[in-house]
Structures are given as C-alpha cells and as structure tokens.
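Residue-level listing of the chains:
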Amino acid sequence: MAKQYSPTAVEKSWYAWWESSGYFGADPASSKPPFVIVLPPPNVTGALHIGHALAVAIEDAIIRWRRMSGYNALWVPGVDHAGIATQVVVEKKLMRERNLTRHDLGREEFVSEVLKWKGEYGGTILNQLRRLAASLDWSRECFTMDKPRSKAVTEAFVRLHEQGLIYRDYRLVNWDCTLRTAISDIEVDYLEIKEETMLKVPGYNTTVQFGVLISFSYPLEEGLGEIIVATTRIETMLGDTAIAVHPEDNRYKHLHGRYAIHPFNGRKLKIICDAELVDPTFGTGAVKITPAHDPNDFEVGKRHNLEFINIFTDDGKINSNGGAQFEGLPRFTARVAVIDALKAKGLYKETKKNEMSLGVCSRTNDVVEPMIKPQWFVNCNTMAKAGLDAVRSKRIEIIPQQYEQDWYRWLENIRDWCVSRQLWWGHRVPAWYVTLEDDKVENLGSDNDRWIVARNETEANLEAQQKYHGKKFHLHQDPDVLDTWFSSGLFPLTVLGWPDDTADLKAFYPTSVLETGLDILFFWVARMVMMGMQLGGDVPFQKVYLHPIIRDAHGRKMSKSLGNVIDPLDVINGKSLEGLLRRLEEGNLDPNELRIAKEGGEKDFPDGIAECGTDALRFALISYTSQSDRINLDIKRVVGYRQWCNKLWNAIRFAMGKLGNHYTPPATISVTTMPPICKWILSVLNKAIGKTVTSLEAYKFSDATSAIYSWWQYQLCDVFIEAIKPYFFNDSQEFESARAGCRDALWFCLDTGLRLLHPFMPYVTEELWQRLPQPKDSCQKDTIMLSEYPSLVMEWTDDNLENEIDIALDTVNKLRSLKPTTDTNERRPAFALCRGQEIAATIQCYQSLVVSLSSISSLKILTENDEAPPDSATAVVNKDLSVYLQLQGALNAEVELEKLRKKREEIQKLQHALSQKMEASGYKEKAPQNVQVEDMKKLTGLLEQLEIISEAENRLGATTGNN
C-alpha cells in the first residue's frame, strides 16, 4: 500500500469496473423487494453544481445501503430538456458569438443549435454523475425529449384533455417580454422595494423608476368634475376600462354607474361601487381597473363584464389599443411619456414613495408583465385534492415533516396551471387549429372550439373530417411548446415505460422515495403526485425527502454572477485560482457580471480549491444535512474529511502489518475468550451499526455519518488500535492468545466498518476492503457494494464492559488534560484516588490501558485514607474518582486553580438546571418514580464532585498561600 492516501489513485478505475460488471442494474423479475429512486433530472443547460452533488450523495447513499441490505435497488438516470433555461442559454450564445437572434435562424435551425448544445453539455453531466460515484442503472438512461418520453407526454396531454382536465382559455399569465413567452411561477423572483428605486431593465439604456405611487385624475362625463386614482404602473392606464370606488367614500360613492372619460382615447370608463375592489392601502377612495394587465382586476373584469384591452405587444411595446400618440413605445418609455402627457393636460397630481413587490424573470431579469393570452391550462382542483389526501393519509410521507403544512397550504389554494409556452425548444403542443375554406378572416387560434387535440396529425385529420364533414379545411399545429414541468411531472411514470404496460412499470411503480430540494416541493413534487395519481393510478413515490439548499460559506445564494457557484469536479480534482477565473471568462456573463464574479472568486478562494476527492466531498455534504433548510458550505470542512480518508488508509496499513501475510480470518468469532478491549470495540461497533441503520431508516443522514465517523475516529483509531499495539511489540508466547484475539477483532472491525461506511464513501472503502484477507470457503462477493450491510450482532453487546472502559477512557482524557502543553513527550507518574472498592477494581482492571493511552510512566491507585501526592495537578473524573499527575516542579498552581474554577462553574450549571427541574411545580406528582430516583442520584453526584473540587482548591491554595 502507498504510504499516503491519494484520491486520484483510489478513484480512477473502480467506477468503470462497477459499471461494466453490471453491478448497478436492477431486474424487474427479481424476487427481492424493490427499492426505487428516480434521479431528479438535471437541466441539460450546463454542468452540475454543488447542489446536484448533494442530491447525488444522498441518493447514492440510500441506494447503496438498500442494495447491500438485500433489495432489488433501482436508481434511474435522466436529463431534463429545461425549455426556457436551455433556450435562454443558446440564444445568449448565438447573440454573443454570431450576433444572431433565434428569429434570424428560424425554428428548425435554432432547434438544431440547441441539440448541438445538448450533445456537448449532456455528456458533461453524465461524466460528473460517474465521477460522483452515482450507482445509476445506465441501461435505463433517458432524456425528457427522447422518443419514448415524447410519446408519453403527448399521450398524457391527450388523456387529460379527454378527461376534461386540459382546456384552452384567455387568462392572465406571467409574460416575459424579452423571451416573448409565458413563464411559470417558479421562474419569477420578487424584489422587495421599500422606496423610490431606479433599476436597470433589459432593453433600456436608462434606469427605470419603481417604488412610487402616482396619482392622477380622470375627467367625469358631462363636466361633472374629476375622480382621482393612484397606481404604481402609470403606463397601464392606457388599458383602463373602469374605476372602482368604495361604497363608504362620501366623495365618490354617488358616482356609481356614471362614467369617466379616458383623456387619450376617449374611452368611457364605468365607475363601480364595490367594497371588494378597493385596496385601502392606496387611501384615494378610488382605483383604476385594468382587467387585461392586473391579476386582481382580471377577476373584477369577469365579474362586472368589463372590456379586456391588451395594450402591449409580445415584446412589451404599446400597441394600437394604447392610443396613437404612444403606439410603438417600449412600456417603460411609455411610462415617462404618459406622465408628461398627463401633466400637459393638467391631470397629473403627485408622486410619492410606495413599498412594492416587483416580479422579475429569473432567466432574463426582465420585469414580468401580466398579460391576457390564449393558453392551454390544466384544471388542478380534483388532482390537488387527491394530492392532499395522499399526504394526510400517509400514503406519501414528507420528510422533514415541517414541510407538510406548506404542502397543504399550496394545494388548498391551487390555481389552474398554464402549460403552454411560446418557445421553440420543448414538446410541441399536440393540438391543431382548423381553418375552413370559407372563413372570411383567417385569425389562427381565435376560436377555442376549432382546436383538435390528438396524438398526431393523422388522428387530428380524421377527427376534423368527422367534425367538419364535407367541408374543406386546413390544420395548423399550435406552435407553442409545453411547460418543462409538464414532462418532468410525468417522469416517475415515463422512465418506467408508461403509457405502455411494461415489466418495469409493474415491478417498480410506485417508486420508493423522491429526494429533491425543498425549493421545488410545489413546482415539481406536487405535479408529479397529481399526474402520477391521475394517469398512473397510484402515488408516484411513498416518501419525499427534501434536502437543504446549499449556500456559500457566507450564507449567500449560489449564483454565477456572484462567482460563488462551485463545480463539484473542482472540489474533487482541485482547481487553481487561475483556473476558477478562466472558467468564469468562458461562461455567459456580461462584462459587469464577470467583473463582480471574479472579485467574489478571488475573495473566497485566494489559493484556489484543494484536491479533496469524491469520497470526502460526499461525506461532507451528507454530514451537513443536519442544517434543516440551508447549508452554508465551507470547503475547509471537505478538506478535513479528505484528511480523515488518510486516517482510514493508515488504519488499514497498520492492520495489514499486524495481521501478517498468512492471516486467514475465521468465518465467525467467539468474543468470550478475547481481551476486554476487543470485546469493547465490538460492542461499541454494534452500537454504531444500530445508530447508523436507525438513522438511515429515519432519513437522518447526518446522524448516520456522525455515528460512523465517531466509531472510526474516536473508538477504533484513537483507542483500539493504540491499545492493542503493546500486544505486538514482541512475539512473546505469553500474549499469543491475546494477539490472536486482537487480530480477529481487528479484521472484523475493519471489514464491518468499511461496509458500514461504503454508501457514503464508495471509492476508498472498495479500495481498502479489496485489500483485506478473506475467510476460507466463504461466499465472498466480488465487490463491497454487493456485500451485506452490517446488522446488529446481539452477542457482541456488553453494556457493563462499555461502562467500565468508558470510565477508563474518561480517566485517560483527564490525565491528558493535566499535561503541560510544553510537556509533550515526558512520561510522568500519575495517581487515581478511588472512593470505593468498585471504582478501585475497575481502575485496577484497566490500569495498563490507562498507562498506555495516557502516556504516563505509572498509575498508582489511592484510597480515601491516602494523602494526595504533592506537586500534582488534579482533575475530577466523577464523584468516585479523581486523578493526579505529578509535575515535580512543573506545577503551575494558578493554572490548575483556573482549571478547577472552570470545572466548578460547569458542574454548578448542571446542578442548578437539575435543581430547577426537580423543584418545578408538578414534578413530584407527574415525573415517574424511576426518573425522580435517577435525578436524585445525579444531583447527589454533582454535589459530591463540588466537594472534591473544593478540597483540591484548598490544597492548591495552600501551596500558593491563597487558602
């Protein structure tokens, strides 16, 4: 074995062997119970980030654990086409490299460009998944736009339409004027604006004013005066069709049913008295109503049969409906022009600051425009009820449980889902519009009754022939594509072959657990549940585990523009600062974003990122999951686990030397004849196994990593390996039996410990496990990943022995703490003051262990009748045991008194807390008798320790004259 652990050397070849050996595969005909995870498909737009690495680390740990525990474990890989995200990236690339828009290229050529991008970056993603040791069944790899998935998406749309759940209607949608498409709620970020703020908006050379409330007046008909309204979006007044007045407003309530006159187009605006329509925060008593551009006004417009006037073109310019003097102006240029025009007519009143929440597109940073558009919608009401019932009845369990309330809140208030997008990259909507030969005006899409939904054009043609029998017609497929969440919402079904009745679908649906980020609980998880239950007849998964969101070490959201996005491969391989900055230059950032990102990268990683390896990265990420909703990732912690891998490496190197070339481990061991330290290490190993398995079953992954780490580090390496070294100092026959027991215990520890650790650190555990000698005639697996996951061995448990050795180890720690920091090598005599025969017998039994681990020259046992040794530092182990270390001239009484003072404070805090608990109202009546007895024992013990500390303080005080 190499003297040092090298991640590169260890990780370079195992994955290819695992994959080529077929170890990741699952068989639908297997008699083993199935355990299935579907990998949340990463976007094809680029490389995986550290958040993906967290998901992969958790999911692979689960799947490896289940596979080793006898399950038919299937983990299905896939990649998402990511409609908007991919289109934005490729459009930016075209503009940057060729100064072309997608419209310059045309639809077909643009889609070809996207496919080239997918070919390049899809490969990057798959390579990263392999580097992360993801044991995915690659034979089932899929892409949301491959032929089977595309067929399934079409089938789902057709079936939902046949069931009356998909319909076409004019509704308000979130519209992105840069992309010229509707976008989903998840793609809208909200800026909280507290006061007047000037913001940069894409497509404008000057900043745009937000965070103000503008008041202006509308003249009333017949010269009856004016009515004052206020708005945060003055440009939308060009689309006003009514004014709402509060019924209790004495200034305006008498105007109900009258009209105001629009100053720019002469439109008559009906005045409506309706308490529900007026937002009292405006304080004007009247508000303008723009049904086509305001979500609240949309419902008002329907309720009062108002006219819906759309004043914007798809790219955000004023159209002819907005008035001739403003037509063609971009919306925020029109904002200034409208104010100037109002001032010219004497209708402008005032501008004052106003808090507001501004929606911007997360892809383009453009201000989202509510627009009324004909779109395809999914009616979610019945499906949402099924999703609510599934969680309430525990058919689906959400972990952590706190997010159940979010689930209920969202699904109870669900709105119909707009699933059409005005993009070119995605699944084309399987709907055709029929135009008849005798149509006077060919206004495509204007009549909702003319749409035919079908699986293909042939089917649509047949249906049109039946519907318009004997008439000549033309079919025009909807140019829109479906929301990416529609296809990804079907993923647990489609990856297993739906709509076909496949063996995989029968064997593996519903899947076992969905592991994903808590930020997409609604946008993806809920939609999978709704569509899975509606189309698949059952919940798509039995559990949902939501992992925390990763932020940088400062708690900031990871963003390319901040330069703090971390590529997992950079942590695995290491990356110089120059390399990190070069990566930023090769990205899609504009010059200003690039400057900010570089500054952030230089600040966070002045020396670059050290090589850590996959195992250390995975273990660190999983250990972070105790932080419930966010992880502030510090790369130094990953480096620490890489150093720990070296500790494991050295433990195996030591073992190989002590086991010898001819050692053959027994198939089973009997602990009865082993030295106590061997019985102890197997007993605490048993506890670690139990804690790990119960933590995994409860999805408390950081508790599992903590149990494993603590056993390897603090019990095996720090205690057991050090404790057995004296048995191997020579070949004395006196210790031959003990040596044999130590070898067997050591081998069982290493074999079991590596299997316990394997799901979290697959590479180093495979490397080290393969080096261990194997028992003769055993049914040994070829790989650790198919060997059995450790389970409890009841005969290894020995609680009494653990308690005794815990006392010995506490004694060791106290003696170590007494050593002067400058006195690292000198061995000094020590003393154990035992108050009682039982504690004296325990220390006597483990005397040699304490001497060895404490690096002292000797340990003499004292009774209460013995004088405390002079020139000694002292520490209290417990109420029955104190230890002394003779410093012979090196004693600093002031330092020792300070240690005792701190110990006194620590015990006094415990005593105070326990006393408060015992004196609390109702304690004697409600606390079980056994608890009261135990609490009294603890309190007595704490008081006795305080007495011991007082004695030690008095003795030390005497030496300094401060008594």
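Per chain, residue numbering runs from 1 following the sequence as it is written. For this predicted model, a pLDDT threshold of at least 70 governs which residues receive local features, and a threshold of 80 or more governs which side-chain atom pairs are given and counted, while totals over whole chains, interfaces and linings are taken from all residues. Water and hydrogen atoms play no part in the side-chain values, which are based on all heavy atoms of the structure.

### Notes on the overall build of the chain
- The number of helices and strands found in the chain is 31 helices and 33 strands.
- For the chain, the C-alpha atoms occupy an extent of roughly 115 × 70 × 60 Å along the three principal directions.
- For the exposure calls, accessible area comes from a 1.4 Å probe over protein chains only, and a residue counts as buried if that area is under 20% of its type's maximum, exposed if over 50%, partly exposed in between. Scored against the burial criterion, the 963 residues of the chain give a buried share of 54%.
- When checking whether two residues touch, look at their non-hydrogen atoms; a contact exists if any pair is within 4.5 Å. In the chain, the share of contacts with a sequence separation of at least 24, taken over all contacts with a separation of at least 6, comes to 77%.
- The method behind every accessible area is Shrake-Rupley, applied with a 1.4 Å probe, and residues are considered shielded solely by the protein chains displayed. Element-wise, carbon and sulfur atoms account for 48% of the exposed surface of the chain, whose accessible area totals about 43,100 Å².
- For the chain, the centre of its 112 positive side-chain charges and the centre of its 130 negative side-chain charges are spaced 1 Å apart. What counts as a helix is a DSSP run of H or I of at least four residues, what counts as a strand is a run of E of at least two, and both are numbered from the N terminus. Neither His nor the chain termini are counted; the positive set is Lys and Arg, and the negative set is Asp and Glu. Where a charge lies is defined by one atom per residue type, namely NZ (Lys), CZ (Arg), CG (Asp) and CD (Glu).

### Some details on the packing of helix H3 (residues 50-68) against helix H20 (residues 613-623)
- Close contact between H3 and H20 brings their axes to 9 Å; oriented N to C, the two are set at 90°. By the criterion of interaxial angle, the relationship of H3 to H20 is roughly perpendicular. Residues Ile50, Ala53, Leu54, Ala57, Ile58, Asp60, Ala61 and Arg64 of H3 lie in contact with H20, whose contacting residues are Leu617, Arg618, Leu621 and Ile622.
- Gly is placed with the polar residues, together with every amino acid not listed as nonpolar (Ala, Val, Leu, Ile, Met, Phe, Trp, Tyr, Cys and Pro) or charged (Asp, Glu, Lys and Arg). Looking at the contact of H3 with H20 residue by residue, the class counts come to nine nonpolar, no polar and three charged. Each axis is a line fitted through C-alpha atoms, and for a helix only the stretch in contact is used; angles between axes span 0 to 180 degrees, taken between their N-to-C directions. Angle categories are assigned with fixed cut-offs, so that under 35 degrees is roughly parallel, over 145 is roughly antiparallel, 65 to 115 is roughly perpendicular, and the rest are oblique.

### Some points on empty space enclosed by the protein
- Residues are said to line a cavity or pocket when one of their atoms sits within 4 Å of a point; the points come from a 1 Å grid over protein atoms alone, cavities being sets where a 1.4 Å probe fits but cannot get out and pockets being open sets with protein on both sides within 12 Å along at least five of seven lines. Grid points are joined across faces, edges and corners, and a volume is the space filled by probe spheres set on the points. Taken as a whole, this structure holds two cavities of 30 Å³ or more when the rule is applied.
- Space inside the largest cavity adds up to approximately 50 Å³.
- Contributing to the lining of the largest cavity are Gly83, Ile84, Glu187, Arg421, Leu423, Val481, Leu482, Asp483 and Thr484.
- Those elements that provide at least two residues to the lining of the largest cavity are helix H4 (83-98) and strand S25 (481-482).
- Residue composition of the lining of the largest cavity, by class: four nonpolar, two polar and three charged.
- Reported here for the second largest cavity is a volume of approximately 40 Å³.
- Taken together, Thr874, Ala875, Val876, Ser882, Tyr884, Leu900, Ile948 and Ala952 make up the full set of residues lining the second largest cavity.

### Some details on helix H26 (residues 799-818)
- An expected span of 1.5 Å times one less than the residue number is assigned to each helix. Taking 1.5 Å of rise per residue, 20 residues should cover 28 Å, and H26 covers 29 Å from first to last C-alpha, within 8% of that figure.
- Among the residues of H26, Leu801, Glu802, Ile805, Ala808, Leu809, Thr811, Val812, Leu815 and Leu818 are the ones counted as buried.

### A short note on the nonpolar core
- Only buried residues count toward a nonpolar core. Its members are Ala, Val, Leu, Ile, Met, Phe, Trp, Tyr and Cys residues joined through side-chain atoms within 4.5 Å. In this structure, Ile50, Leu129, Leu633, Ile677, Leu682, Trp712 and Phe760 are the most contacted members of the largest nonpolar core, which totals 154 residues.
- Those residues within four positions of Leu129 in sequence are excluded, and the remaining contacts are Leu39, Leu48, Val56, Ala134, Leu136 and Trp138.
- Core analysis: the second largest hydrophobic core is formed by 67 residues, Ala152, Val153, Leu165 and Leu496 among them.

### Some thoughts on the sheet that holds strand S5 (residues 166-176)
- With antiparallel pairing, four strands are arranged side by side in an open sheet as S6-S5-S18-S20. Taken across any chain shown, the strands that pair with only one partner, and hence form the sheet edges, are strand S6 (181-183) and strand S20 (417-418). Whether two strands pair depends on DSSP finding at least two bridges between them.

### Looking at the environment of Thr484
- Among the secondary structure elements, Thr484 is positioned in helix H13 (residues 484-489).
- Sequence separation of Thr484 and Thr144 is 340 residues, and the distance between their C-alpha atoms is 8.9 Å.
- Beyond its immediate chain neighbours, meaning those up to four positions away, Thr484 contacts Asp80, His81, Ala82, Gly83 and Ile84.
- At a separation of 2.7 Å, a polar atom in the side chain of Thr484 contacts the main-chain amide nitrogen of Gly83. Polar contacts, as counted here, are pairs of nitrogen or oxygen atoms within 3.5 Å of one another; within protein the pair requires one atom able to donate a hydrogen and one able to accept it, and residues that are adjacent in sequence qualify only if both atoms are side-chain atoms.

### Remarks on the pattern of salt bridges
- Definition used for salt bridges: Asp or Glu carboxyl oxygen within 4 Å of a side-chain nitrogen of Lys or Arg. This model, assessed by the stated rule, comprises 62 salt bridges.
- Residues Asp567 and Arg583 are paired through a salt bridge, measuring 3.4 Å at the closest nitrogen-oxygen approach. A residue pair is termed long-range when its members are at least 10 positions apart, and Asp567 in the loop between strand S28 (549-551) and helix H17 (568-573) and Arg583 in helix H18 (residues 577-585) qualify at 16 residues.
- The exposure class assigned to Asp567 is buried, which follows from its relative accessible area of 13%.
- Exposure remark for Arg583: the relative accessible area of 32% places this residue in the partly exposed category.

### Thoughts on the sheet that holds strand S24 (residues 473-477)
- Strand order in the open sheet formed by three strands is S23-S22-S24, with antiparallel pairing between adjacent strands. In this open sheet, the two edge strands, each paired with only one partner strand, are strand S23 (451-453) and S24. Strand-to-strand twist in this sheet, taken as the mean axis angle between neighbours without regard to direction, amounts to 30°.
- Here strand S22 (residues 431-436) pairs with S23 via three bridges, running antiparallel. Note on S23: the bridge partner recorded for Trp432 is Ile452.
- Each of S22, S23 and S24 is contacted by helix H12 (residues 457-467), which is oriented at about 140° to S24, the strand it contacts most.

### Here we look at the state of the cysteines
- Cysteine sulfur atoms are paired as a disulfide whenever they fall within 2.5 Å. Enumeration over the complete set of coordinates arrives at zero disulfides.
- The closest cysteine sulfur to the non-disulfide-bonded Cys361 is located on Cys177, 10 Å from its own sulfur.
- Relative accessible area serves as the criterion here: at 0%, Cys361 is assigned to the buried category.
- Left without a disulfide partner, Cys380 is nearest to the cysteine sulfur of Cys418, which lies 11 Å away.
- For Cys380, a relative accessible area of 2% corresponds to the buried category.

### What about the packing of aromatic side chains?
- Any pair of Phe, Tyr and Trp rings, taking the six-membered ring for Trp, is counted once the centres come within 6.5 Å. Such a pair is stacked with planes under 30 degrees apart, edge-to-face with planes over 60 apart, and tilted for the rest. In the structure shown here, the tally under the stated rule is 34 aromatic pairs.
- With a centroid separation of 5.4 Å and 75° between ring planes, the pair formed by Phe298 and Phe308 is classed as edge-to-face. In this pair, Phe298 is assigned in helix H8 (residues 295-303) and Phe308 in the loop between H8 and helix H9 (331-344), connecting sequence segments ten residues apart.
- The partly exposed category is assigned to Phe308, whose relative accessible area is 28%.
- Between Phe619 and Tyr641, the aromatic rings sit 5.0 Å apart at their centres with planes inclined by 65°, giving edge-to-face as the arrangement. Taken together, the residues Phe619 in helix H20 and Tyr641 in helix H21 (residues 635-659) connect sequence positions 22 residues apart.
- Of the residues examined, Tyr641 reaches a relative accessible area of 13% and is grouped as buried.

### Considerations on helix H28 (residues 847-854)
- Here H28 has its buried residues at Leu849, Val850, Val851, Leu853 and Ser854.
- Contacts made by the buried residues of H28 are with helix H22 (676-697), helix H23 (701-724), H26 and strand S31 (858-862).
- One or two positions beyond H28, positive phi appears at Ser855, with a value near 55°.

### Considerations on the packing of H20 against H21
- Relative to each other, H20 and H21 sit at 125°, their axes nearing to 8 Å. Between H20 and H21, the angle falls in the class oblique. Every pair of crossing elements has a handedness; the one defined by H20 and H21 is right-handed. Contacts between H20 and H21 pair Asp615, Ala616, Leu617, Phe619, Ala620 and Ser623 from the former with Arg637, Val638, Tyr641, Arg642, Trp644 and Cys645 from the latter.
- Tallied by class, the residues present in the contact of H20 with H21 amount to eight nonpolar, one polar and three charged. Handedness of a helix crossing follows the sense of rotation of the near helix relative to the far helix, less than a right angle counterclockwise being left-handed and clockwise being right-handed.

### Focus: the pairing of strand S2 (residues 72-76)
- The buried fraction of S2 is high, at five of five residues.
- Residue alternation in S2 divides its side chains into two sets, Asn72, Leu74 and Val76 and Ala73 and Trp75, and both sets are buried.
- Sheet analysis places strand S1 (residues 34-38) next to S2, joined by five bridges and oriented parallel. Its bridge partner being in S2, Val36 is matched across the sheet by Leu74.

### Description of the side chain of Lys903
- Looking at the secondary structure, you find Lys903 in helix H29 (residues 893-919).
- By relative accessible area, which is 17% here, Lys903 ends up buried.

### What about unusual backbone geometry?
- Put simply, Trp498 and Pro499 share a cis peptide bond, and its omega is 15°.
- Mapped onto the secondary structure, Pro499 falls in the loop between helix H14 (491-494) and helix H15 (503-508).
- A positive phi is found at Asp871, a non-glycine position, where the angle reads about 50°.
- As for its placement among the helices and strands, Asp871 is situated in the loop between S31 and strand S32 (872-878).
- The exposure class of Asp871 is partly exposed, given its relative accessible area of 45%.

Purely geometric numbers; function is a separate question.
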